[in-house]
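# Observations on chain architecture
Residue strings, one per chain:
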Amino acid sequence: MDIKALVSRMTLEEKAGLCSGDDFWHTKAVERLGIPRTMVSDGPHGLRKQNESADHLGINDSIRAVCYPAASATAASFDPDMIREMGEALGDSCQHEQVSVLLGPAVNIKRSPLCGRNFEYFSEDPYLAGRMCTAMIQGVQSRNVGTSIKHFALNSQEHRRMSSSSDADERTIREIYFPAFEMAVKEAKPWTVMCSYNKINGVYASENPWLLTEVLRDEWGFDGYVMSDWGAVSDRAAGVAAGLDLEMPSSGGVNDRKIVEAVRAGRLDEKAVDLACERILNIVFRWIENAKPDTPWDMEAQHEQAAQIAADCMVLLKNGDSLLPLDKDDTVAFIGEFAEKPRFQGGGSSHIHCFRTTGAVEAAKAAGLKVVYAPGYSVAKDELTAERLAEAVAAAKAAKTAVVFAGLPDSYESEGYDRTHMRMPECQNRLIEAVAEANPNTVVVLHNGSPVEMPWIGRVKAVLEAYLGGQAVGEAAVRVLFGDVNPSGHLPETFPVKLEDNPSFLYYGGEGDRTEYREGVFVGYRYYDRKKMDVLFPFGHGLSYTSFAFSNLRTDADSIRDTDTLTVTATVTNTGKRAGKAVAQLYVGDTESTKLRPPRELKGFRKILLQPGESGEVSFTLDKRAFAYWNEEIHDWHVETGDFTIEIGDSSRNLPLCAAVRVESTKELPRHYTKDSIYLDVMADPKAKAVMQAFMEKTMEIFGHEEESEGTEAAREAITEDMTLAMMKYMPLRGILSFGGAESAAELEDLLQQLNSL
Ligand code: BGC
């Protein structure tokens with residue numbers, strides 16, 4: 001198909017029309033030219049295909065489908081291969097339903113526990129979010145169905161999401177908020193990108209040329225089309241010029257006319273409209289040419305797959321006295337409405353109309369387990385009556401073990417608005433406290449998309465974090481609780497003790513329509529670790545029913561240049577009695593830096609299945625990006641020459657292996673030395689240091705002489721060269737003028753010239 005030729009046959013009105021949706025879910029057809037309509041649908045963790053009366057808030061029905069665990073859960077699996085398979089299944093469903101693009105994954109960073117949409121996002125860590133979304137995109141697109149990675153970019157709050165400006169410095173954007181998008185665009189080539197509602201440093205994402213063209217296309221090589229989030233367009237003509245190809249849904253023709261007017265008035269180059277059409281049509285025809293409507297959609301098989309994935313995402317946060325796994329012969333009380341009707345997905349555009357859901361009570365009964373059920377709190381009324389409490393306590397007392405299913409109700413956490421605190425409903429906390437008092441063997445299973453405070457943590461023996469685990473979460477929970485599956489999830493975010501500990505706490509939500517990301521790169525564990533702060537559960541944490549040991553850390557070099565790669569290998573051994581999956585996590589830290597950097601950052605992870613007693617190797621390849629920070633002067637990644645630590649273990653706070661490696665930078669930063677540059681900075685630059693030698697001697701001589709005239713002999717002896725240097729380090733180069741006069745002035749001029757021409 002010659003797309004350019006096709007576009008050349010379109011009228012300006014037809015082209016402008018193609019740049020917005022036909023309705024809520026379709027691109028436009030141009031029948032006279034054989035251009036078909038194509039359908040897009042939410043997304044991301046299931047198919048939400050709606051019919052004509054669509055409203056995108058999940059109020060209207062969509063077709064029955066399979067709801068997989070949300071990204072908050074799948075990130076905890078630390079298993080990109082598994083998420084790729086989930087993507088393949090989603091791609092099959094889209095082919096079956098003739099949906100050209102699945103609207104997801106959503107990869108915004110979990111900056112604060114308060115973001116209402118955290119359940120749909122992967123992590124506080126950009127590397128983990130990047131690896132997981134890349135795998136998911138590869139999976140879906142392997143079925144010749146497109147994805148729309150969203151919401152590009154810095155859309156980490158729901159509060160004022162359509163008007164707020166996310167204001168962050170360049171380094172923070174590059175190191176924290178871009179990498180997931182960047183990795184996916186480079187490695188998985190999403191067919192489309194969805195721009196976010198918000199502004200970035202004052203400019204709407206939907207009309208931001210730096211974002212949509214310079215970075216996304218020119219730097220990262222994106223070659224699909226950019227669509228707007230639903231209703232994210234303010235100035236349509238500016239959007240076309242900036243690189244926003246498709247406006248969604250439709251503007252009823254208003255914005256199409258604006259495009260035509262802007263072209264006619266010479267305010268918008270028609271070539272920009274042509275380009276947008278070419279990009280849209282490339283994808284439209286890629287889809288049409290690869291459509292396979294006879295693809296089967298086996299929902300039963302997908303339900304079972306969803307159960308397996310959910311089980312592998314669950315994070316065992318605490319397991320006192322190895323209470324879990326439970327014995328299948330024991331009587332167990334399942335308490336809390338979530339045991340019967342779990343919260344397994346979030347509200348808003350990602351809401352799936354499930355063909356089936358299974359709660360834990362039903363799953364346990366189906367498995368023939370001796371489970372009694374007491375509902376405890378009421379989700380709808382947000383209350384715990386005395387009667388229900390008494391019933392729950394009695395059930396807990398009568399059973400060997402009590403399992404309270406708790407978490408956040410829909411009203412607490414949803415697309416469209418933020419949470420105002422990090423607490424669970426009071427009625428649930430009270431229930432947990434009462435059950436724990438009635439039965440020392442109390443377990444809590446949590447359903448939530450983001451961290452919660454756990455005031456009862458010291459009184460319960462075990463906690464299993466299920467996140468929003470999809471429609472089969474009940475089966476998954478039973479398999480993990482009773483040991484059919486050994487838990488292997490790890491936290492993709494830090495659980496702080498309290499909301500106020502979170503680094504964005506002071507600034508989150510901002511003032512009016514401006515939110516400053518003032519904590520900079522210190523998001524999540526990058527902050528908690530730098531502060532050496534106590535947390536409830538650290539990033540990367542997750543227990544197992546077996547135990548693992550890490551040993552034998554090796555690197556293939558002690559020193560590399562930043563253009564080389566480094567291979568790091570370690571051994572993981574299952575030292576317990578059950579088969580289990582370990583998650584080896586590799587963190588890199590710069591031991592000394594002139595930049596403010598986090599002590600460690602995740603740069604690799606591997607999930608590995610090991611039988612009891614078995615050892616396995618994990619190996620990682622690190623390149624420049626593993627050691628680099630974003631340098632705002634050169635607008636590029638840069639490595640500071642020096643030593644780095646490489647730590648390996650199974651949580652950001654359990655890293656038994658550590659090695660050091662030296663990395664030499666091959667890129668010199670531009671030199672702008674002036675008479676006001678201080679000695680410290682000049683001497684830190686090895687080439688400048690060599691040039692400085694003669695000048696230094698002269699300065700030290702003058703400086704030492706001054707000291708001599710004042711001090712006693714004993715004092716003079718005590719002043720070592722190091723001390724003189726230490727005293728001088730903050731002195732500007734012009735300091736020599738104070739001691740050497742005109743002769744030194746000429747010398748200083750000379751020196752600056754030499755330094756700046758290195
Ligand atoms: C959401 C998107 C979603 C779109 C279509 C928007 O409100 O932010 O994530 O894909 O609606 O439903």
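The notes below deal with the structure included here. (Residues numbered from 1 in each chain as written. Predicted model: local features only at pLDDT ≥ 70, side-chain atom pairs only at ≥ 80, totals over all residues. Heavy atoms only, no water.)

Attention now goes to the sheet that holds strand S20 (residues 566–574). Taken in spatial order, the 3 strands make up an open sheet running S18-S20-S23, and their pairing is antiparallel. Looking at the sheet topology across the chains shown, the edges are occupied by strand S18 (548–555) and strand S23 (615–622). For this sheet, the mean inter-axis angle between neighbouring strands, taken without regard to orientation, is 20°. In terms of strand pairing, S18 meets S20 through 6 bridges, oriented antiparallel. Across the sheet, Ser551 pairs through a bridge with Thr571, a residue of S20. (Pairing = 2+ DSSP bridges. Helix = DSSP H or I, 4+ residues; strand = E, 2+ residues; numbered from the N terminus. Axes fitted to C-alpha atoms, helices over the stretch in contact; angles between N-to-C directions.)

In the vicinity of the ligand there are 15 residues, among which Asp42, Arg117, Lys150, His151 and Asp229 approach most closely. Asp42 places a polar side-chain atom, nitrogen or oxygen, 2.5 Å from an oxygen atom of the ligand. Side-chain polar atom of Arg161 to an oxygen atom of the ligand: 3.4 Å apart, as the coordinates give it. The residue makeup of the shell around the ligand, split by class, is 5 nonpolar, 3 polar and 7 charged. (Near = heavy atom within 4 Å. Polar contact = N/O pair within 3.5 Å; in protein donor to acceptor, adjacent residues only side chain to side chain. Nonpolar A, V, L, I, M, F, W, Y, C, P; charged D, E, K, R; others polar.)

On to unusual backbone geometry, then. The general pattern is negative phi for most residues beyond glycine and trans for most peptide bonds. Residue Pro105 is bonded to the preceding Gly104 through a cis peptide linkage, with omega at 0°. Locating Pro105 in the fold gives a position in the loop between strand S3 (101–102) and helix H5 (126–141). That bond from Lys150 to His151 is cis: its omega, -5°, falls within 30 degrees of zero. Looking at the secondary structure, you find His151 in strand S4 (residues 146–152).

Among the 8 residues of strand S26 (residues 642–649), 7 are classified as buried, and the element is accordingly described as predominantly covered. Two strands pair when backbone bridges link them, and strand S21 (residues 580–590) and S26 are joined in this way by 6 bridges, in the antiparallel orientation. Considered in S26, the bridge of Gly589 is made with Thr645. By the bridge criterion, 7 bridges tie S26 to strand S27 (residues 657–664) in an arrangement that is antiparallel. Pairing of Asp643 across the sheet is with Arg662, part of S27. (Buried < 20%, exposed > 50% of the residue type's maximum accessible area, 1.4 Å probe, protein only.)

This paragraph deals with the state of the cysteines. Scanning the model with the defined rule gives 0 disulfides in all. Left unpaired, Cys19 is separated from the closest cysteine sulfur, that of Cys277, by 4.2 Å. With no disulfide of its own, Cys195 has Cys19 as its nearest cysteine by sulfur position, at a separation of 13 Å. (Disulfide = S-S within 2.5 Å.)

The next subject is the nonpolar core. Within the largest apolar cluster, 191 residues are counted, with the highest numbers of intra-cluster contacts made by Phe334 and Leu481. With 9 residues, the top contributor of residues to this core is helix H11 (residues 270–290). One finds Phe550, Val572, Phe644 and Ile646 within the second-largest nonpolar core, a separate group that totals 30 residues. (Core = buried A, V, L, I, M, F, W, Y, C linked by side-chain atoms within 4.5 Å.)

In total, this model carries 58 salt bridges according to the counting rule given. For the salt bridge of Arg160 with Asp513, the shortest nitrogen-to-oxygen distance reads 2.8 Å. A residue pair is termed long-range when its members are at least 10 positions apart, and Arg160 in the loop between S4 and strand S5 (165–167) and Asp513 in the loop between helix H17 (473–481) and strand S17 (514–516) qualify at 353 residues. Looking at Asp513, the relative accessible area reads 33%, which means it is partly exposed. The residue Glu433 makes a salt bridge to Arg459 at a minimum N-O spacing of 2.6 Å. In this pair, Glu433 is assigned in helix H16 (residues 426–438) and Arg459 in the loop between strand S15 (442–447) and strand S16 (462–465), connecting sequence segments 26 residues apart. With a relative accessible area of 24%, Glu433 lands in the partly exposed category. By relative accessible area, Arg459 is classed as partly exposed at 48%. Connected through salt bridges with shared partners, the residues Arg117, Glu120, Glu158, Arg161 and Glu415 form a single ionic network. (Salt bridge = Lys/Arg side-chain N within 4 Å of Asp/Glu carboxyl O.)

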